Amino acid sequence: MRVVFFGYQTWGVKTLQALIDLGHDVPMVVTHPTSTESYKAIFSDSVEELAQAHDIPVHLTMRADHETIDLVKRSEPDVIVVNSWYTRMTDELYDLPPHGTLNLHDSLLPKGTGFSPVIWSLISGQSHIGLTIHRMNAELDAGDILVQRSLSIGPDDTGTELVMRGIDLIPGALDEALTALEAGTAQWRPQDKAERTYFHKRSERDSLIDWSWPAEDLERLVRALSDPYPRAFTFYRGERIEVLESKVSDIRYGGTPGRVIVQEGGGAVVCGAHAHRGGNLGLVITRLRTADGVEHGGAEFFRRGGYLTTGV
């Protein structure tokens, strides 16, 4: 098939490489300029460089403007494929090719609509992540579904591990979708809006630990924000620290949320939600990093006890 591709970062590179490996004709690639913004600089493999290595014309733009639409029209695609595109496209583009526009979204739609769905899925306690290929329309991530692939979330999985496993789903799912379109056997499934969940873009504030959360939720937050994502952080004696590894305590503790009270299992226990009732588990911090970049074991670093807070 003749495919115009819109994409960015490692997700985009994996998708473009799959289109090339599957033997599709890619007359044009549209991608964003390189960015230093925190989440755009993560998994930042270059779609532009891959396209140039295969002599595919590249159009650099932040948004699908009139020039972009005109270039796509002249490319005469059978279908547009999109993965990791940061700005809204236009209704004109969605229905321009005979087979429309396909978006690859890394969640099991209609759950996980929006941004950073893998990270949010782990934080929120979902049992699975996945990849959905759906038809794009004017509503974000809401078009009819063509292909879905699912992966279970294990008890020790980190956000980075899940993201990479999800990216590995791209070639097989894309092959299935484009083969169905080409053969005329595509079966579209409307999304159930009643099942839809939406997550906003992540910012630095979303990595700040809220000690009113249950320990189980905080442990998932720490695992979700693994390198290269901005780490979960808190403040101790006026210093910002990043929590790198943690686990849920074996026994229940009472006191005040954020209080470092005792050592357990190679780390320091911090009281969490409803600690005054003495019925909940605590978070055991086993490894952390201070503002100077030095890593420390939790048991030794918190030997003096004290409180962890949300500000200096």
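Preceding block: the structure.
As a starting point, this report considers the structure included with it.

Thresholds, definitions, all that
Residues numbered from 1 in each chain as written. Predicted model: local features only at pLDDT ≥ 70, side-chain atom pairs only at ≥ 80, totals over all residues. Heavy atoms only, no water. Pairing = 2+ DSSP bridges. Helix = DSSP H or I, 4+ residues; strand = E, 2+ residues; numbered from the N terminus. Core = buried A, V, L, I, M, F, W, Y, C linked by side-chain atoms within 4.5 Å. Buried < 20%, exposed > 50% of the residue type's maximum accessible area, 1.4 Å probe, protein only. Contact = heavy atoms within 4.5 Å. Arc of directions from axis to C-beta.

## Remarks on the pairing of strand β12 (residues 259-264)
For β12 and strand β16 (residues 306-309), the ladder comprises 2 bridges, and the chain directions are antiparallel. Note on β16: the bridge partner recorded for V260 is G306. Of the pairings in the sheet, the one linking β12 to strand β13 (residues 267-270) comprises 4 bridges and is antiparallel in character. The residue of β13 that forms the bridge with V260 is V270. Counting the residues that bridge the hairpin from β12 to β13 gives 2 residues, and of these G265 lies at a positive phi of roughly 55°.

## Comments concerning the nonpolar core
Of all hydrophobic cores here, the largest spans 64 residues; its most connected members are L16, L178, Y229, I285, F302 and L308. Examining the composition of this core, we find that 6 residues originate from one element, helix α7 (residues 170-183), more than from any other. Every residue in contact with I285, bar those within four places of it in the chain, is listed here: W211, V243, E245, S246, G267, A268, V270, G298, A299, F302 and L308. One finds V30, A64, W85 and Y94 within the second-largest nonpolar core, a separate group that totals 14 residues.

## Some details on helix α6 (residues 159-167)
Within the span of α6, buried status applies to G159, T160, L162, V163, G166 and I167. One side of α6 holds all its buried residues, which, seen down the axis, span an arc of 165°. Against the buried residues of α6 lie α1 (9-21), α5 (117-123), β7 (128-135), β8 (145-152), α7 and α8 (215-224).

## Some words on unusual backbone geometry
The residue after L109, namely P110, is reached through a cis peptide bond having omega 15°. Locating P110 in the fold gives a position in the loop between β5 (101-105) and β6 (113-114). That bond from D227 to P228 is cis: its omega, 10°, falls within 30 degrees of zero. Residue position: P228 is located in the loop between α8 and β10 (233-236). Phi is positive for D141, which is not a glycine, with a value near 55°. Counting through the fold element by element, D141 comes out in the loop between β7 and β8. The class for D141 is buried, based on a relative accessible area of 7%. Non-glycine residue H274 carries a positive phi angle of around 50°.

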